[in-house]
Amino acid sequence: MVTGKRGRPSATPAAGVSPNGAAGPGPGSNSSGIVALHRSRMFDWKPSAVVAIAPCPGAPLFAVGYECGNLELWDMLQLVCIQTAIGPSVELTSLAWARDTVSNAWRTFAAFLDGTVAEVLWCQAAVAHFMDSYGGVVWALAASPVSAVKPGFSHVLAAACDDGSVRLFGCEGGEPGLVPERVLTRLEGRLLTVAWHAGGTVLAVAGSAGNIHLLDAVTGREHLRITASATTSRPVTVWRVLSLPDGTVVSGDSDGAVQMWDSRFGTLLQRFTQHRADVLALAATEDGATVFAAGVDSQVAMFTLVSGGEGAGAHHVESWVYTHYKRPHTHDVRALALLAVPDGIGGDGRGAILLSGAVDAQLMAYPAKTFLQEHPHRLSKCPQRPLCQVAIASAAPPRLMVAQRDTIDVWQLAGTADPAAAAAAVRFGPGGWGPGQQEGEPLELVAAPRHLARIQIKGGRIASASLSPSGGIVACTTSSGTRAYRLETHGVRGGAAGLTVPPALERLRLPAEVNGPAIAVAATDDLLVLALRNGGLLSYDISHKTVIVHRKVPEGPAPLSVVSSPPANAQQAWRSYCPTAAQLVVAADGSLLAAVGGQGITLYRLPGLEPLDRPLRADCAVTAAAFSHDSRLFAVTTSACQLLVWEMVGATAGGSDCVQVRWCSENAEAITASISRLPGTPTSISFCPATFPRGRTAQPKAGLPYRLVVNGPGGMVHFDMSCKVATTYLRGGNFGLGERRKRGRLRPEELPQPEDRPESRGSNGRVIRTVHPAVWVGHVGPADLLLLEKPWEEVLAALPPPLLTQRYGM
């Protein structure tokens, strides 16, 4: 039986439900096999605009800065966000990478609207070492070419400041933050953009005065001044300049013009007016033969340098031409960047990827070489999704926690009629469903959803949040510290009115050792576990108000301000930028803890944090992790759409063995094929609640009687670990089309999609796609699933409207 909240029937079958509505018996399901799907849109989801994208020159990574001040680090090879850093509550303006001359590691620096410049410490998931620019807002940061850095000297960053000055900062080897070096000059108006020439000795700057200045990077002397405006009646604002390897300067201005200039004489080589509004972003390929431009009109335009025959002296005459454009964004595009992918990595040999970010919070990727032939790829269907967690208590309705920005909401979920009782009214005859409950009809709600509490966090945004298994403890970490709250409800007050007693919310007093900032937090009914920024773990007893154990930093190089040198293998470079415990997952009974990080997964026994067996290693980044409800199994998903499950053999009885479940290896190819059908990477795992006899130390040959759901941004996949996974989605599999498909009687548009074919319905490994972004999917009972979804149109409606709207017929 499929149900929707507020009496709305669901259009999508529930996980594990066959076409006739029966899911089949299994662990955690009732005898009738009916599964109820709750669909909810009551949560808050407000993504922030993308304002800056900075590719890492030494690895296939790129940093993304958002208007709210948060930052993300993405791996282009895995197409996954590997780390998030919470910045100050100030708008971010620019990002840049600089190379540490001592460790040879690449470090990230960010500029903010309050005039400060800071370093992004990815291994600590924080922004630190703030420094005032003393020139107002730093609108743009640009690092000098690595080839221009002399041995023993610092890597120099140039800053375009609000007071019209160009200031240079140095990235000293082994020293945290930036060091101010000198002020080159002070020009008229605000400087909004800066770019280095290929040799690293000349800077191109521009701003609100409408002039492009070429400055000597050593003396600050002006080599050339170019007037970017096409007329003398009014100046234009130059939003972006770009320097190509041959010395050509490209500018984008408020007239919507993209102009190419000769840097030797200041002459205009080409002027394009394809854009209908301001050009805010420019990017060019490494050879300088292709330029991309975007701005307020949301189109990403392409300009190419072509040969036009032979001129005087038998030299080829080259000119710039406008090629075409794409418009994948709905709002103005504020960031463009080219990420170079080394040859032999990724398997496609495309060489470079164009990245774009806009006010609609979307990140798009385009192959630079085949920009015209291929559609852009959206990196995430659920950008900046809220942190969600459900607490299932046996004697109380389930609770849902949703954390977004500086707000935590706790809900008591709706209660439905017993699906087993509803199934008793279902009768199936030769003519189909008989009288009684029909497939797709909503179940009766015995209790409405109830908003229990809203917690406003002052002084910072939420980096990590956790809800205890009973739903009574809420904990979160911010850049300013860690907070914990106790939430108690007192039921319904008697009387005819049936008034509900408001829940009591109490903030817990934490000692200074626990109250500091942390990377991640996990809460049980009695414990708080923190992943500290120095790499250690801390366990705090809430009832006795004592620190049980403070596990120190593991042995090995772990500088606080500089990450260690990336490995020689570029495919594993992301590990150097991830902390050892980026995510904490606690078992439902509070006996085990999993710390997931860049170096692998470490399991601990609570409350003493004793390590359990050796660290578990995954070849790719871990995107989700969860324990089964009896703490016997631990499962993770990776960016390669793998599902890995380990069994805790004797862990609850004091043992320390952890073995991988044979079901995963036997069905690895089919599991990956099923999860790969979902758009994007998997984001969460949920085990179906089941009562399983303890004391077993070996898995049966038929498999383990567990069911789980893997959630992605575009839907979910249901697996039954007691059965073999269907090979419906494997290449070359039989999809039941028979001779009609072999003989070509069906046109391509008539062919059913794999998830709609009868063979996939009710099978193990069934893929269920959702029309709207699936923010979170999880079990809220033995026969109940909760789907948090929201139409993207509603999310866009909460964002600022586009500055330029398309008017048809003009």
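Model, not experiment: these values are computed from the prediction.

About the criteria used
- Residues numbered from 1 in each chain as written.
- Predicted model: local features only at pLDDT ≥ 70, side-chain atom pairs only at ≥ 80, totals over all residues.
- Heavy atoms only, no water.
- Helix = DSSP H or I, 4+ residues; strand = E, 2+ residues; numbered from the N terminus.
- Buried < 20%, exposed > 50% of the residue type's maximum accessible area, 1.4 Å probe, protein only.
- Contact = heavy atoms within 4.5 Å.
- Areas by Shrake-Rupley, 256 points an atom, 1.4 Å probe, with all protein chains shown as cover.
- Salt bridge = Lys/Arg side-chain N within 4 Å of Asp/Glu carboxyl O.
- Phe/Tyr/Trp six-rings, centres within 6.5 Å; stacked < 30°, edge-to-face > 60°.
- Lys NZ or Arg CZ within 6 Å of the ring centre and 35° of its normal.
- Core = buried A, V, L, I, M, F, W, Y, C linked by side-chain atoms within 4.5 Å.
- Pairing = 2+ DSSP bridges.
- Axes fitted to C-alpha atoms, helices over the stretch in contact; angles between N-to-C directions.
- Polar contact = N/O pair within 3.5 Å; in protein donor to acceptor, adjacent residues only side chain to side chain.
- Disulfide = S-S within 2.5 Å.
- pLDDT = per-residue confidence, 0-100.

Colleague: For the overall build of the chain, give the residues involved together with the corresponding values.
Modeller: Regarding its fold elements, the chain presents six helices and 59 strands. The proportion of buried residues among the 810 residues of the chain is 56%. Taking contacts inside the chain between residues at least 6 apart in sequence as the whole, the part at least 24 apart equals 55%. Of the roughly 33,300 Å² that the chain leaves accessible, carbon and sulfur atoms contribute 51%.

Colleague: Explain the pattern of salt bridges to me, using residue names and the numbers behind them.
Modeller: One pass over the full model with this rule turns up 15 salt bridges. Residue Arg 41 pairs with Glu 794 through a salt bridge whose shortest N-O separation is 3.8 Å. One end of the pair, Arg 41, is in the loop between strand 1 (36-40) and strand 2 (50-55); the other, Glu 794, is in helix 6 (residues 792-797), with 753 residues separating them in the sequence. Its relative accessible area of 29% is what places Arg 41 among the partly exposed residues. Among the charged side chains, a salt-bridge network with shared partners connects Glu 67, Glu 91 and Arg 334.

Colleague: Help me get a handle on the side chain of Gln 78, residues and values and all.
Modeller: Topologically, Gln 78 is positioned in the loop between strand 4 (71-75) and strand 5 (80-85). Beyond its immediate chain neighbours, meaning those up to four positions away, Gln 78 contacts Trp 574, Cys 620, Ala 621, Ser 639 and Thr 681.

Colleague: Tell me about the packing of aromatic side chains, and please be specific about residues and values.
Modeller: Considering all chains together, one arrives at twelve aromatic pairs under this definition. Ring geometry for Phe 634 versus Trp 646: centroids 6.3 Å apart, planes at 25°, classification stacked. In this pair, Phe 634 is assigned in strand 51 (residues 633-638) and Trp 646 in strand 52 (residues 643-649), connecting sequence segments twelve residues apart. Of the two residues, Phe 634 and Trp 646, neither departs from the other in class, the shared state being buried. Members of the aromatic cluster, connected to one another through ring pairs, are Phe 272, Phe 303 and Tyr 322. Cation over ring: Lys 326 sits above Phe 371, and NZ or CZ is 5.6 Å from the ring centre. Across from the ring centre of Phe 43, 4.9 Å away, lies the NZ or CZ of Lys 790, which sits over that ring.

Colleague: Can you break down the nonpolar core residue by residue, with the values?
Modeller: One finds Leu 633, Leu 643, Val 645, Trp 663, Leu 708, Phe 719 and Met 721 to be the most contacted residues of the largest nonpolar core, which totals 28 residues. Listed by contribution, the elements that provide at least two residues to this core are strand 50 (622-627), strand 51, strand 52, helix 3 (662-666), helix 4 (668-675), strand 54 (684-687), strand 55 (707-712) and strand 56 (715-720). Counting residues per element, this core draws most heavily on helix 4, which supplies four residues. Counting 27 residues, the second-largest nonpolar core is a separate cluster that includes Ala 54, Ala 118, Ala 573 and Cys 578.

Colleague: Account for the pairing of strand 8 (residues 116-121), naming residues and giving values.
Modeller: For strand 8, the tally of buried residues reaches six of six residues, placing the bulk of the element in the interior. Here four bridges tie strand 7 (residues 106-112) to strand 8, and the two strands are oriented antiparallel to one another. Note that in strand 8 the partner of Ala 111 across the bridge is Val 117. Counting the residues in the hairpin turn of strand 7 and strand 8 gives three residues, including Gly 115, whose phi is positive at 85°. Direction of pairing for strand 8 relative to strand 9 (residues 126-132): antiparallel, over a ladder of five bridges. Across the sheet, the residue bridging to Glu 119 is Ala 128, located in strand 9. Linking strand 8 back to strand 9 in an antiparallel pair, the connection comprises four residues, with Ala 125 at a positive phi of about 55°.

Colleague: An account of the sheet that holds strand 42 (residues 520-523) is requested, with residue identities and associated values reported.
Modeller: Across the sheet, four strands lie side by side as 42-43-44-45; this open sheet has antiparallel pairing. Each having just a single partner strand, strand 42 and strand 45 (546-551) make up the two edges of the open sheet. For this sheet, the mean inter-axis angle between neighbouring strands, taken without regard to orientation, is 15°. Bridge count for strand 42 against strand 43 (residues 527-531) is four bridges, and the pairing is antiparallel. Following the sheet pairing, Ala 520 is matched in strand 43 by Ala 531.

Colleague: Which residues make up the environment of Ala 624, and what values do they have?
Modeller: With respect to the helices and strands, the residue Ala 624 is situated in strand 50. Each C-alpha atom of the pair Ala 624 and Ile 685 lies 6.3 Å from the other, and the pair is 61 residues apart in sequence. Excluding anything up to four places from it in sequence, Ala 624 contacts Ala 635, Val 636, Thr 637, Thr 683, Ser 684 and Ile 685.

Colleague: Pulling in residues and values, what's your account of the sheet that holds strand 49 (residues 610-616)?
Modeller: In space, the four strands of this open sheet follow the order 46-47-48-49, with antiparallel pairing throughout. For this open sheet the edge positions go to strand 46 (583-586) and strand 49, each flanked by a neighbour on one side alone. Sheet twist, expressed as the mean angle between neighbouring strand axes with direction ignored, is 20°. Of the pairings in the sheet, the one linking strand 46 to strand 47 (residues 592-597) comprises four bridges and is antiparallel in character. Bridge assignment links Val 586 to a residue of strand 47, and that residue is Leu 593.

Colleague: I'd like a description of the side chain of His 329, backed by residues and values.
Modeller: The topology assignment puts His 329 in the loop between strand 25 (316-326) and strand 26 (333-340). Within the local environment of His 329, its side chain forms a polar contact with the side chain of Ser 356, the two groups lying 2.8 Å apart. Of note is the side chain of His 329, whose polar atom sits 3.3 Å from the side chain of Asp 360. In this view, His 329 contacts Ser 298, Ser 356, Gly 357, Ala 358, Asp 360, Gln 362, Met 364 and Tyr 366; residues no more than four positions away in its chain are not counted.

Colleague: Could you give an account of helix 4, naming the residues involved and the relevant values?
Modeller: Within helix 4, the full set of buried residues consists of Ala 670, Ile 671, Ala 673, Ser 674 and Ile 675. Buried-residue contacts for helix 4 involve strand 52, helix 3, strand 55, strand 56 and strand 57 (766-769).

Colleague: If you had to explain the environment of Thr 683 to someone new, which residues and values would you point to?
Modeller: By the secondary structure assignment, Thr 683 is in the loop between helix 4 and strand 54. Along the backbone, Thr 683 and Ser 639 are 44 residues apart, and their C-alpha atoms lie at a distance of 9.4 Å. Discounting chain neighbours no more than four positions away, the residues touching Thr 683 are Arg 385, Thr 623, Ala 624, Asn 711, Gly 712 and Pro 713.

Colleague: Help me get a handle on the pairing of strand 45, residues and values and all.
Modeller: In this structure, strand 44 (residues 537-541) lies alongside strand 45, joined through five bridges in antiparallel fashion. Of the residues in strand 45, the one forming a bridge with Asp 541 is Thr 546.

Colleague: So what about unusual backbone geometry? Which residues, and what values?
Modeller: Each neighbour pair has its own omega, and for Leu 606 with Pro 607 the value is 5°, a cis peptide bond. A positive phi angle is found at His 129, which is not glycine, with a value near 60°. In this structure, His 129 sits in strand 9.

Colleague: Can you lay out the environment of Ala 520 for me, pointing to particular residues and giving the numbers?
Modeller: Counting through the fold element by element, Ala 520 comes out in strand 42. Taking the C-alpha atoms as reference, Ala 520 lies 8.9 Å from Ser 466; in sequence the two are 54 residues apart. In this view, Ala 520 contacts Ser 464, Thr 477, Val 529, Leu 530, Ala 531, Ala 582, Gln 583 and Leu 584; residues no more than four positions away in its chain are not counted.

Colleague: If you had to explain the state of the cysteines to someone new, which residues and values would you point to?
Modeller: All told, the structure shown has zero disulfides when counted by the stated rule. Cys 641 carries a free sulfur, and the closest cysteine sulfur to it, the one in Cys 620, is 9.5 Å from it.

Colleague: Quick one: what's the story with the confidence of the model for the chain, residue by residue and with numbers?
Modeller: A low pLDDT means the predicted coordinates there should not be read in detail. Per-residue confidence for the chain gives a mean pLDDT of 82; residues scoring 70 or more make up 78%. Counting contacts from residues 692-701, a segment whose pLDDT is below 50, to residues more than four positions away or on other chains yields 17 contacts. In the model, residues 734-746 has pLDDT below 50 throughout and makes 14 contacts with residues more than four positions away in sequence or in other chains.

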